[in-house]
Amino acid sequence: MRYLSTRGSCPPVGFDGALIGGLAPDGGLYVPEEWPAIDVHPSVERYTDVAVDVLAPYVSPAIPRDELRPLVEEAYATFSHADVCPVTPLEDGLHLLELFWGPTLAFKDVALQLLGRLMDRELARRDERATVLVATSGDTGSAAIEACRGRDRLDIVVLHPAGRVSDVQRRQMTTVDEPNVRNVAIDGDFDTCQDLVKAAFADTALRDELRLSAMNSINWARVMAQVVYYVTAAAAVAPDGPVSFAVPTGNFGNVLAGWVAKQGGLDVDRLIVGSNRNDILTRWIASGVMEVEGVEPSLSPSMDIQVSSNVERYLWELYGRNGAVVAEAMARFRSDGRLDIGAARLDRVRATFSGVRVDDEATLFEIQRVHEAHGVLVDPHTAIGIAAARAVPSDPDVPRVVLATAHPAKFPDAVEAATGVRPLLPEHLADLLDRPEHLTPLAADSAVLADYLRAELL
Ligand SMILES: *Cc1c(COP(=O)(O)O)cnc(C)c1O
């Protein structure tokens, strides 16, 4: 498989180039040259067997099948549910796809557990090391740490805003005791942390000395890993028929994986995008205009985004795979904060996607409703998916699968506010609040951070 840039002005690369490069040199995102056909009736039922089948064409020839298999097996052995991503019925025609049985209790583990191992293998082949540098407002940091811990070729440094992440979120990062993991508490807010990361990447000397790497949500390997659970969920609830998915989304990464599955032949009826008050995606699906607004905090913080970067991969197909046109559209979007895709393209978007905005009040209501009706606790992100699924009129014969993206105990305050019940951490994390923490407080100063990184890592 060759990978092209959505902006069309750099040469194609293999899977290894897309994996290590992350962003293409022309600022575009890597996309596979074709959408390989997926076996939509997998005869095997193990998640990891389906994963190897679905992923093999995307990583070929860089990674042969027999080398892919152990990486996949190891990645999903870290999940505490035997089915890895189990599907459970919620109510008539509505199912939950539980993506939160990984080490940090949120769906990013599904992609990052594999990505860490894929990167480690490729760096070993090149005889190189890399330093993953991440700013986090809570969730991404712990998923990235779990992806890197114990890997031979990766170091990871995570910056979080001191005093501004929840206890559980901080401890999921700082209680990891591994020589290649470092946590830094920055005296500032999340934007400050992000600015420090940007400054470190912009410092070419530092970037080269430490071989800084991003592991962020635009890496193709993350999207690819997420295609697998659409296939296993469809096989579980509707082996012969269409199925719709409702996805609480921010960066468009998760729902894009569903669209990729559909391109590969999976019988997907509708892809329902759920957003919180930061609703750039649902406004776009309603009007055809993608327009940037400020970010406001919500009960579903992992979806508090201003721009959904993964949309660019979908736009590339929508604009007839014309990189020059995509580059021009993205440049206009960046300068004007606004992109109008026009009526004809909007019709094509709406042939597959529906969008539903669910505000905090409706989120709490949905958490409460699900608890009352079914005795099930769901986290705020999952609740947005459920509310979105219920808001879209649909054929009663087409089952709907809601992607449950976080364990309720990851967001205990919102769940308790809605239900009066405080969700418990799973057993393997039950002593999280008693474990020793490892972190270094630093001033919000790029020179101070550069000194720290050099002292620790060189
Ligand atoms: C990251 C995240 C999302 C949003 O995923 P995208 O890939 O940005 O669409 C939703 N829910 C949870 C719990 C998350 O951590």
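Residues numbered from 1 in each chain as written. Predicted model: local features only at pLDDT ≥ 70, side-chain atom pairs only at ≥ 80, totals over all residues. Heavy atoms only, no water.

## Remarks on helix 4 (residues 108–126)
Right, so step 1: With 19 residues, helix 4 extends 27 Å between its outermost C-alpha atoms, agreeing within 8% with the 27 Å of an ideal straight helix rising 1.5 Å per residue.
Right, so step 2: Of all the 19 residues making up helix 4, 16 are buried; the element is thus mostly covered by neighbouring parts of the structure. (Helix = DSSP H or I, 4+ residues; strand = E, 2+ residues; numbered from the N terminus. Expected span 1.5 Å × (residues − 1). Buried < 20%, exposed > 50% of the residue type's maximum accessible area, 1.4 Å probe, protein only.)

## Topic: the environment of Lys-198
Right, so step 1: Counting through the fold element by element, Lys-198 comes out in helix 7 (residues 190–202).
Right, so step 2: For Lys-198, a relative accessible area of 57% gives the class exposed.

## Quick word on the packing of aromatic side chains
Right, so step 1: Taken as a whole and assessed by the stated rule, the structure comprises 16 aromatic pairs.
Right, so step 2: Consider the rings of Tyr-3 and Trp-220, whose centres lie 6.0 Å apart with planes at 50°: the pair is tilted. Remark: Trp-220 occurs in helix 9 (residues 220–237) and Tyr-3 occurs in strand 1 (residues 3–5); sequence separation between them is 217 residues.
Right, so step 3: Of the residues examined, Tyr-3 reaches a relative accessible area of 0% and is grouped as buried.
Right, so step 4: What makes Trp-220 buried here is its relative accessible area of 1%.
Right, so step 5: Among the aromatic residues, those joined into a cluster by ring pairs are Tyr-3, Phe-15, Trp-35, Tyr-58, Trp-220, Phe-252, Trp-259, Trp-284, Tyr-314 and Phe-353. (Phe/Tyr/Trp six-rings, centres within 6.5 Å; stacked < 30°, edge-to-face > 60°.)

## Here we look at the side chain of Thr-104
Right, so step 1: Mapping Thr-104 onto the fold places it in the loop between strand 4 (94–98) and helix 4.
Right, so step 2: Take Thr-104: its relative accessible area is 2%, and that puts it in the buried class.
Right, so step 3: Contacts of Thr-104, omitting those with residues within four sequence positions, involve Asp-109, Ser-142, Ala-143, Glu-146, Gln-172 and Lys-410. (Contact = heavy atoms within 4.5 Å.)

## Some words on the site of the ligand
Right, so step 1: Among the 15 residues in the neighbourhood of the ligand, the closest are listed as Lys-108, Thr-249, Gly-250, Asn-251 and Thr-405.
Right, so step 2: Take Gly-250: an N or O atom from its main chain is 3.0 Å from an oxygen atom of the ligand.
Right, so step 3: The backbone of Asn-251 places a nitrogen or oxygen atom 2.7 Å from an oxygen atom of the ligand.
Right, so step 4: About the coverage of the ligand: the protein hides 95% of its 390 Å² of free accessible area.
Right, so step 5: For the shell around the ligand, a count of residues per class yields five nonpolar, eight polar and two charged. (Near = heavy atom within 4 Å. Polar contact = N/O pair within 3.5 Å; in protein donor to acceptor, adjacent residues only side chain to side chain. Areas by Shrake-Rupley, 256 points an atom, 1.4 Å probe, with all protein chains shown as cover. Nonpolar A, V, L, I, M, F, W, Y, C, P; charged D, E, K, R; others polar.)

## Some words on the pattern of salt bridges
Right, so step 1: Counting across every chain of the model gives 38 salt bridges.
Right, so step 2: A salt bridge links Asp-49 to Arg-46; the nearest nitrogen and oxygen atoms lie 3.4 Å apart.
Right, so step 3: A salt bridge links Arg-332 to Glu-328, with the shortest nitrogen-to-oxygen separation between them at 2.9 Å. Of this pair, Arg-332 and Glu-328 both sit in helix 13 (residues 323–336), separated by four residues, roughly a single helical turn.
Right, so step 4: With relative accessibility at 35%, the residue Arg-332 sits in the partly exposed group.
Right, so step 5: Among the ionic contacts, a cluster of salt bridges with common partners joins Asp-16, Glu-67, Arg-121, Glu-122, Arg-125 and Arg-126. (Salt bridge = Lys/Arg side-chain N within 4 Å of Asp/Glu carboxyl O.)

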